[in-house]
Amino acid sequence: MIRRVSTTSSLSATAFGSFMKWSFKSSHFHGESLDSSVSPLLIPGVHVFHCPDVVGIVAKLSDCIAAKGGNILGYDVFVPENKNVFYSRSEFIFDPVKWPRSQMGEDFETIARKFNALSSVVRVPSLDPKYKIALLLSKQDHCLVEMLHKWQDGKLPVDITCVISNHERAPNTHIMRFLQRHGISYHYLPTTDQNKIEEEILELVKDTDFIVLARYMQVLSGNFLKGYGKDVINIHHGLLPSFKGRSPAKQAFDAGVKLIGATTHFVTEELDSGPIIEQMVERVSHRDNLRSFVQKSEDLEKKCLMKAIKSYCELRVLPYGTHKTVVF
């Protein structure tokens, strides 16, 4: 059992009264990005908060935004039942002249200290640098191609610093021409069971904010994960926890399943067991052959990975316990 609290749920009288002092411009908070066209003077910001659960957190956070002339567009709270933990995510607009970005960070940090927060992150997309990421992949290109095209169209809010692969690609291919045209470096690092070349990879990704495994068919060691020290996001070609290991689509096909899936999750030392960010499914039937089965699976992988990365960049993903996530 869990208790989920949102702006339409029952809050304490103090918190609810604090909310009512300013209007919520929109109720489309879930799944939609902020529109900075609301006012030429106002720009959007996002704040996520994770701390022990006590009375007054919502009121204090909303007071902080309102006191600086900001306006909350959406607010979501999650408090698990029988657990002393609080999660929240707020979207708001503000005037950067009245509330400078540096001061905003200090104001939220003051609240974080007051409530002994485990995490307090604020992001202003129009002012803050984009996340820098590295993409790792093996032989299959479909996830990489999807990410590159979405990035080119401005639908992937990141800077791609490099692409790393344990498979070589000819210089005249579509992917290599695309990377060269956009100044994205490609690194071919052949791996073996005895040498995963992890030190070389760590050197290439040391300045990134997180790594995306876009069908990288190598297991990253615990030493690599500790050495990198930041999040690594993987797309698994199956609906975890079922059909682990190699050829999950073939396993599911042979089992005669009626649903196939894809799973995006954080990478941990335990293979395919990291906290899940996103999952997608699609129906299949006896009319599908293995080719259509695999095609549907790859389409799911592309969509699932893109949605997870977008959610991560929009600060919608928070760790929940050891094996779970909160995804607002």
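Refer to the structure presented above.
Residues numbered from 1 in each chain as written. Predicted model: local features only at pLDDT ≥ 70, side-chain atom pairs only at ≥ 80, totals over all residues. Heavy atoms only, no water.

1. Considerations on the sheet that holds strand 7 (residues 158-165)
At step 1: In spatial order, the strands read 8-7-6-9-10-11-12; together these 7 strands make up an open sheet with mixed pairing. Only two strands of the sheet have a single partner each, and these edge strands are strand 8 (185-188) and strand 12 (276-283). Direction aside, neighbouring strands of the sheet carry axes that sit 20 degrees apart on average.
At step 2: Across 3 bridges, the pairing between strand 9 (residues 210-213) and strand 10 (residues 232-236) is parallel. Counterpart to Leu-213 in the pairing with strand 10 is Asn-234. (Pairing = 2+ DSSP bridges. Helix = DSSP H or I, 4+ residues; strand = E, 2+ residues; numbered from the N terminus. Axes fitted to C-alpha atoms, helices over the stretch in contact; angles between N-to-C directions.)

2. Topic: the nonpolar core
At step 1: Residues Met-147, Val-158, Leu-179, Phe-210 and Leu-305 are the most contacted members of the largest nonpolar core, which totals 53 residues.
At step 2: Broken down by element, the residue count for this core peaks at 9 residues, all from helix 9 (residues 290-313).
At step 3: Counting residues domain by domain, this core receives three or more from each of domain 1 (43-123) and domain 2 (131-327).
At step 4: Every residue in contact with Met-147, bar those within four places of it in the chain, is listed here: Ile-133, Leu-135, Leu-156, Val-212, Ala-214, Leu-305, Met-306 and Ile-309. (Core = buried A, V, L, I, M, F, W, Y, C linked by side-chain atoms within 4.5 Å. Buried < 20%, exposed > 50% of the residue type's maximum accessible area, 1.4 Å probe, protein only. Domains from an automatic or database assignment. Contact = heavy atoms within 4.5 Å.)

3. A look at the packing of aromatic side chains
At step 1: One pass over the full model with this rule turns up 15 aromatic pairs.
At step 2: On the numbers, 6.0 Å between centres and 35 degrees between planes, the contact of Phe-92 with Trp-99 is tilted.
At step 3: Under the relative-accessibility criterion, Phe-92 is labelled buried at 0%.
At step 4: On the accessibility criterion, Trp-99 (0% relative accessible area) is buried.
At step 5: Ring centres of Tyr-131 and Tyr-312 lie 6.4 Å apart, and the angle between their planes is 55 degrees; on these two criteria the pair is classed as tilted. Of this pair, Tyr-131 sits in strand 6 (residues 131-137) while Tyr-312 sits in helix 9; the two residues are 181 residues apart in sequence, bridging distant segments of the chain.
At step 6: A cation over an aromatic ring shows up here: Lys-114 above the ring of Phe-115, its NZ or CZ 5.7 Å from the ring centre. (Phe/Tyr/Trp six-rings, centres within 6.5 Å; stacked < 30°, edge-to-face > 60°. Lys NZ or Arg CZ within 6 Å of the ring centre and 35° of its normal.)

4. Regarding the packing of helix 8 (residues 248-255) against helix 9
If you want to describe how two helices pack, look at the angle between their axes and the distance between the axes.
At step 1: The N-to-C vectors of helix 8 and helix 9 enclose an angle of 130 degrees; their axes lie 10 Å apart at closest approach. If you check the angle between helix 8 and helix 9, you find them oblique. When you trace helix 8 past helix 9, the crossing you get is right-handed. Contacts between helix 8 and helix 9 involve Ala-249, Lys-250, Ala-252 and Phe-253 from the former and Leu-290, Phe-293, Val-294 and Ser-297 from the latter.
At step 2: Looking at the contact of helix 8 with helix 9, its residues break down into 6 nonpolar, 1 polar and 1 charged. (Parallel < 35°, antiparallel > 145°, perpendicular 65-115°, else oblique. Left-handed = near helix turned anticlockwise from the far one by under 90°. Nonpolar A, V, L, I, M, F, W, Y, C, P; charged D, E, K, R; others polar.)

5. What to know about the pattern of salt bridges
Note on pairing: side chains with opposite charge can pair once their charged atoms come close.
At step 1: In the structure shown here, the tally under the stated rule is 15 salt bridges.
At step 2: Residues Asp-128 and Arg-101 are paired through a salt bridge, measuring 3.0 Å at the closest nitrogen-oxygen approach. Of this pair, Asp-128 sits in the loop between strand 5 (119-123) and strand 6 while Arg-101 sits in helix 3 (residues 101-114), and the two are 27 residues apart along the sequence.
At step 3: Note on Asp-128: relative accessible area 15%, which makes it buried.
At step 4: Residue Glu-278 pairs with Lys-307 through a salt bridge whose shortest N-O separation is 3.9 Å. With Glu-278 in strand 12 and Lys-307 in helix 9, the pair connects residues that are 29 residues apart, well separated along the chain.
At step 5: Residue Glu-278 is classed as buried on the basis of its relative accessible area of 14%.
At step 6: Of the residues examined, Lys-307 reaches a relative accessible area of 42% and is grouped as partly exposed.
At step 7: The network of salt bridges with common partners includes Arg-89, Glu-91, Lys-310, Glu-314 and Arg-316. (Salt bridge = Lys/Arg side-chain N within 4 Å of Asp/Glu carboxyl O.)

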